[in-house]
Amino acid sequence: MEVSMTLWVLTIVGLAALIAVDFFIGRKPHEVSVKEAGIWTVVWIALAGLFGLGLLVFGGGRPAGEFFAGFITEKSLSVDNLFVFVLIMAKFAVPARYQQRVLLVGVLIALLLRAVFIAAGAAIIASFSWVFYLFGAFLIWTAWKLIQEARTDEEDEEYEENKLLKAAERRFGVADRYHGTKLWIRQNGKRAMTPMLVVMLAIGTTDVLFALDSIPAIFGLTQDPYIVFTANAFALMGLRQLYFLIGGLLKKLVHLSYGLSVILGFIGVKLVLHALHESGVHVPEISIPVSLGVICAVLVVTTVTSLMATRKQAAVEAAHTDGQAAPKDSVDA
């Protein structure tokens, strides 16, 4: 798909305008209700759908299919980010009324860093076609790693700050409490970071680790930098509302890691097949409609089996609790 510089500029300006509107509406710190989060989640998904339909009308079926496949993949992978965001919020004891602002700025930092990753990935792919082998192998390895992590007990998992964040804290110092939405204050005559800035940087920089698998994954669906960037942008920009909407449901998605591993492994195989095809080997390639169908099917199955498993576990725990209460009731009688 040929994308002019004018279209790039208009797209970036449009996204910036949407972000500005989102920031203006939520500029006053407040606790986000499920209703508010639900409305804005629908709005962002609807905007992504309209953008995809625009690609269908002006660019054809292939770009639109690639965008929707990329958006759904990035959205599903971003849900995994929410687990870490919950840990970060707990680690820094972020007050509920400030969480919306923290996530907004943190996601913006993540989007800027991902734009750098996308530009670098596009440049590498344009120069070295064999990089698809590396991307494919990396995604297959990541898929296996996800399965291994899902099979381990991570009840006591805690967020650990990265080295860059620790270095910034040592260099500038951190205030001992939140000061509203301020990012910097004067403390003992010196300029110091507030916990608000620290947690924003934590969310933004932590997303870079997730980008290491999500960016190769979407390049496995499309090599068009414009579609890669816009799919990432729409997936990330609605992540904040999704955090408040399904934050309490995350623990119920017990099979999410398995589903994501299947998706990453599938795209990894797709990349290897594409690399072989580019090398002149006659192998079948997986089309975008097939990719989209597989991704959606895996997500539906994962969600259904997760809810069934958590419901069954809740029933077992309830029966166990009733069994322990029965002897006491008999004694009282």
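Analysis parameters
Residues numbered from 1 in each chain as written. Predicted model: local features only at pLDDT ≥ 70, side-chain atom pairs only at ≥ 80, totals over all residues. Heavy atoms only, no water. Helix = DSSP H or I, 4+ residues; strand = E, 2+ residues; numbered from the N terminus. Buried < 20%, exposed > 50% of the residue type's maximum accessible area, 1.4 Å probe, protein only. Contact = heavy atoms within 4.5 Å. Areas by Shrake-Rupley, 256 points an atom, 1.4 Å probe, with all protein chains shown as cover. Axes fitted to C-alpha atoms, helices over the stretch in contact; angles between N-to-C directions. Parallel < 35°, antiparallel > 145°, perpendicular 65-115°, else oblique. Left-handed = near helix turned anticlockwise from the far one by under 90°. Nonpolar A, V, L, I, M, F, W, Y, C, P; charged D, E, K, R; others polar. Patch = residues over 30% accessible without salt bridge, like charges linked within 9 Å, V, L, I, M, F, W, Y side chains within 5 Å. Salt bridge = Lys/Arg side-chain N within 4 Å of Asp/Glu carboxyl O. Lys, Arg positive; Asp, Glu negative; His and termini not counted. Charge placed at Lys NZ, Arg CZ, Asp CG, Glu CD. Phe/Tyr/Trp six-rings, centres within 6.5 Å; stacked < 30°, edge-to-face > 60°. Lys NZ or Arg CZ within 6 Å of the ring centre and 35° of its normal.

1. What about the overall build of the protein?
Inference 1: In terms of helices and strands, the protein carries 11 helices and 2 strands.
Inference 2: In the protein, the succession of helices and strands from N to C terminus is α-α-α-α-α-α-β-β-α-α-α-α-α.
Inference 3: By residue count, 44% of the 333 residues in the protein fall in the buried class.
Inference 4: Contacts in the protein between residues far apart in sequence, at least 24 positions, make up 78% of those at least 6 positions apart.
Inference 5: As presented, the protein carries roughly 17,700 Å² of accessible surface, and 66% of it is formed by carbon and sulfur atoms.

2. As for the packing of helix α4 (residues 99-127) against helix α8 (residues 225-237)
Inference 1: Close contact between α4 and α8 brings their axes to 10 Å; oriented N to C, the two are set at 160°. One finds that α4 runs roughly antiparallel with respect to α8. Regarding α4 and α8, the two cross each other, and that crossing is right-handed. For the pair α4 and α8, the contacting residues are V107, A110, L111, R114, A115, I118 and A122 in the first and P225, V228, F229, N232, A233, L236 and M237 in the second.
Inference 2: The class makeup of the residues in the contact of α4 with α8 is 12 nonpolar, 1 polar and 1 charged.

3. Some remarks on a positive patch on the surface
Inference 1: On the surface, K91, K163, K166 and R170 cluster together into a positively charged patch.
Inference 2: Considering each element in turn, the positive patch owes the most residues, 3 residues, to helix α6 (residues 163-172).
Inference 3: Within the fold, K163 resides in helix α6.

4. Notes on the side chain of S76
Inference 1: Position of S76 relative to the elements: it lies in helix α3 (residues 61-91).
Inference 2: Residues contacting S76, with those up to four places away along its chain left out, are L260, I263 and L299.

5. Examining a nonpolar patch on the surface
Inference 1: Together, L50, L53, L56, V57 and F58 make up an exposed nonpolar region whose accessible area comes to about 590 Å².
Inference 2: Looking at where F58 falls in the secondary structure, it is placed in helix α2 (residues 34-59).
Inference 3: The class for F58 is exposed, based on a relative accessible area of 77%.

6. Quick word on the packing of aromatic side chains
Inference 1: Summed over all chains, the structure comprises 10 aromatic pairs.
Inference 2: Plain terms: the ring middles of F51 and F67 are 5.1 Å apart, the flat faces sit at 55° to each other, and that makes the pair tilted. With F51 in helix α2 and F67 in helix α3, this pair connects stretches of sequence that are 16 residues apart.
Inference 3: The class for F51 is buried, based on a relative accessible area of 19%.
Inference 4: Centroid distance F67 to F71: 6.1 Å. Interplanar angle 15°. Geometry classified as stacked. Of the two residues, F67 and F71 both sit in helix α3, 4 residues apart, roughly one turn of that helix.
Inference 5: Judged by relative accessible area, F67 falls into the buried class, the value being 0%.
Inference 6: A connected cluster of aromatic rings, assembled from ring pairs, spans W8, F51, F67, F68, F71, Y226, F229 and F234.
Inference 7: Between the NZ or CZ atom of R191 and the centre of the ring of W184, over which it lies, the distance is 4.5 Å.

7. Describing the pattern of salt bridges
Inference 1: In the structure shown here, the tally under the stated rule is 2 salt bridges.
Inference 2: In this structure, R114 and E74 form a salt bridge, with 3.0 Å as the shortest nitrogen-oxygen distance. A residue pair is termed long-range when its members are at least 10 positions apart, and R114 in helix α4 and E74 in helix α3 qualify at 40 residues. For the pair R114 and E74, one class covers both residues: buried.

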